[in-house]
Each structure stands twice: as C-alpha cells, then as structure tokens.
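Reading the structure
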Amino acid sequence: MCKGLAALPATCLKSAKDIKHKIGFLLQKPDPPQEQKALKEKEKEKGKVTVVNRVPPVEIEKWKTSFNNLIKNEDGRKAFTSFLQSEYSQENIEFWEACEDFKQTSVDMMNVKARNIFERYVEADSPSEVNLDSATRELTRKNLERCDAFCFEEAQSKIFTLMEKDSYRRFLKSKLFLELSQPPLDNKPCSLEKKGKQHVSEHSQCLPSYA
C-alpha cells in the first residue's frame, strides 16, 4: 500500500517534479516570432475594405490615353494605388508621391525629409525599397549632399517609367479597371474589397477612397 509522498524515495520525487515541469513547458503557447507578427499585421492591413466613389466616364477615358493622365489625376492615382496593393507593389506609387510632396517642402525641412525618403525607399534593403539600379541609387545618395527640390528627380523618373511600362499596362487589363469602365448600375456608393491578391467590387464604376 502507498504511504504517501513522504514514503517515496527522493529520486522518485525528483523525477515526478521534472515530468511536471516538462508538461507545463509544453502546454505553454510560445509567442510567434516578430517576423510572423509583422506579416500578420501587414496581411490584416491589406485585407481592409476600401470605400469607393463614382468616377465620371470621361475621366476614365483619359486614363487610357496615357499613364501621365492617370497618375496626375487624384481619382486615377487612387485607383492605380488600389491595383498596386493587389500586386503588393504599392511602394512604387508611394515613392512617386513622396517625391512630389518633397518638391513642395520648405528649405529648412528638406534635409530631414530627404533622408527619411532615402532610408525608406531608395537605400538597399530599406523597408519599402523600390527597384532602382545601383548607379541611380548612388547618384541619389550624392544628391542628398546638396539637397534641393530635385535631388530625387532621376530616381522618381526611373520609377515612373517602370510603372508606365509594366504596372500601367496590366492595370488597363485588370478586373478593377474593366469594372470602372462599365456604365454605373445605380447611384448608390460602392465598395472595393480585397480578398487575397484580388480586389472585388460589388458595384462597378468606383474607385478607392482613403482616409
């Protein structure tokens, strides 16, 4: 008959404690790695529903004629940005917009803003690195030394051309643009919801609107 824990040999008690400790460790849910957390947050952000508004057909027709007409139009830029988000390449339009904004920056803020743009989009292995050749990247780095309104001009031009020859052509053939080109079904506002790598709109003739 068992006389209680006190009657057990010390080695048995130690083994029991070790087993209890190991079971407790296995039952603990480990925290996901930091990279997984960041990826989940990124996917959550990309999966948000985007509220959209109507676009006049005459404006959409202009978008077909040139990439410049599309990107210079606020509605067109929002629609194009939504398309790039579906391809996980929105850093290109973000960089282009950052360069446009930089040109309006006051002289006393240029150095700080230029450094932020460079470290976010231009520098190798930066968080939102755009596709630039090493020569353009090095030229932009040197331009920061004099830092005027045109220090990103070459890099911005390269990214503009990249989007024009690549993403813009796919955008014109995309489901999003085809839906935008369709006559409006009604006068109700519509929404554009991204699922996975596709944007699905419940109504046509709409574009994304950002807060």
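Residues numbered from 1 in each chain as written. Predicted model: local features only at pLDDT ≥ 70, side-chain atom pairs only at ≥ 80, totals over all residues. Heavy atoms only, no water.

With that out of the way, let us pick up the overall build of the protein. Across its full length, the protein holds ten helices and four strands. When the elements of the protein are put in sequence order from the N terminus, they spell out α-α-β-α-α-α-α-α-α-α-α-β-β-β. The burial tally for the protein puts 34% of its 211 residues in the buried class. Long-range pairs, those at least 24 residues apart, make up 65% of the contacts in the protein with a sequence separation of at least 6. (Helix = DSSP H or I, 4+ residues; strand = E, 2+ residues; numbered from the N terminus. Buried < 20%, exposed > 50% of the residue type's maximum accessible area, 1.4 Å probe, protein only. Contact = heavy atoms within 4.5 Å.)

Here we take up the side chain of Ser 167. Checked against the element boundaries, Ser 167 lands in helix α9 (residues 153–173). Every residue in contact with Ser 167, bar those within four places of it in the chain, is listed here: Phe 80, Phe 83, Leu 84, Glu 87 and Leu 162.

If you trace the backbone, Val 55 turns up in the loop between β1 (49–54) and α3 (57–65). On the basis of relative accessible area, Val 55 is assigned to the buried category, the value being 2%. For the pair Val 55 and Leu 180, spaced 125 residues apart in sequence, the C-alpha separation works out to 7.6 Å.

Let us now look at the packing of aromatic side chains. Counted by the stated rule, this structure contains ten aromatic pairs. A centroid spacing of 5.8 Å and a plane angle of 55 degrees characterise the contact between Phe 95 and Tyr 121, whose relative ring orientation is tilted. You can see Phe 95 sitting in helix α6 (residues 91–102) and its partner Tyr 121 sitting in helix α7 (residues 107–122), a full 26 residues away along the chain. Residue Phe 95 is classed as buried on the basis of its relative accessible area, which comes to 0%. An angle of 85 degrees between the planes, with centres 6.4 Å apart, marks the rings of Phe 95 and Phe 152 as edge-to-face. Of the two residues, Phe 95 is situated in helix α6 and Phe 152 in the loop between α8 (134–146) and α9; the sequence distance between them amounts to 57 residues. Taken as a pair, Phe 95 and Phe 152 share a single burial class, namely buried. Among the aromatic residues, those joined into a ring-pair cluster are Phe 67, Phe 80, Phe 83, Phe 160, Tyr 168, Phe 171 and Phe 177. (Phe/Tyr/Trp six-rings, centres within 6.5 Å; stacked < 30°, edge-to-face > 60°.)

One non-glycine residue, Tyr 88, adopts positive backbone phi at about 55 degrees. Summarising the element assignment, Tyr 88 is placed in the loop between α5 (74–86) and α6. Even without being glycine, Asp 125 reaches a positive phi, approximately 65 degrees. Positionally, Asp 125 belongs in the loop between α7 and α8.

With that settled, the discussion passes to the environment of Thr 81. Tracing the sequence through the fold places Thr 81 in helix α5. Residue class for Thr 81 comes out buried when judged on its relative accessible area of 10%. Through-space distance from the C-alpha of Thr 81 to that of Glu 94 is 8.3 Å; in sequence the pair is 13 residues apart. Polar contacts involving the side chain of Thr 81 include one to the main-chain carbonyl oxygen of Arg 77, which spans 2.7 Å. (Polar contact = N/O pair within 3.5 Å; in protein donor to acceptor, adjacent residues only side chain to side chain.)

According to the stated counting rule, one finds 14 salt bridges in the structure shown. We note a salt bridge from Asp 133 to Lys 158, for which the minimum N-O separation is 3.2 Å. Here Asp 133, found in the loop between α7 and α8, pairs with Lys 158, found in helix α9; they are 25 residues apart in sequence, far enough to count as distant. By relative accessible area, which is 36% here, Asp 133 ends up partly exposed. Asp 166 is the salt-bridge partner of Arg 170, the closest N and O atoms lying 2.2 Å from each other. (Salt bridge = Lys/Arg side-chain N within 4 Å of Asp/Glu carboxyl O.)

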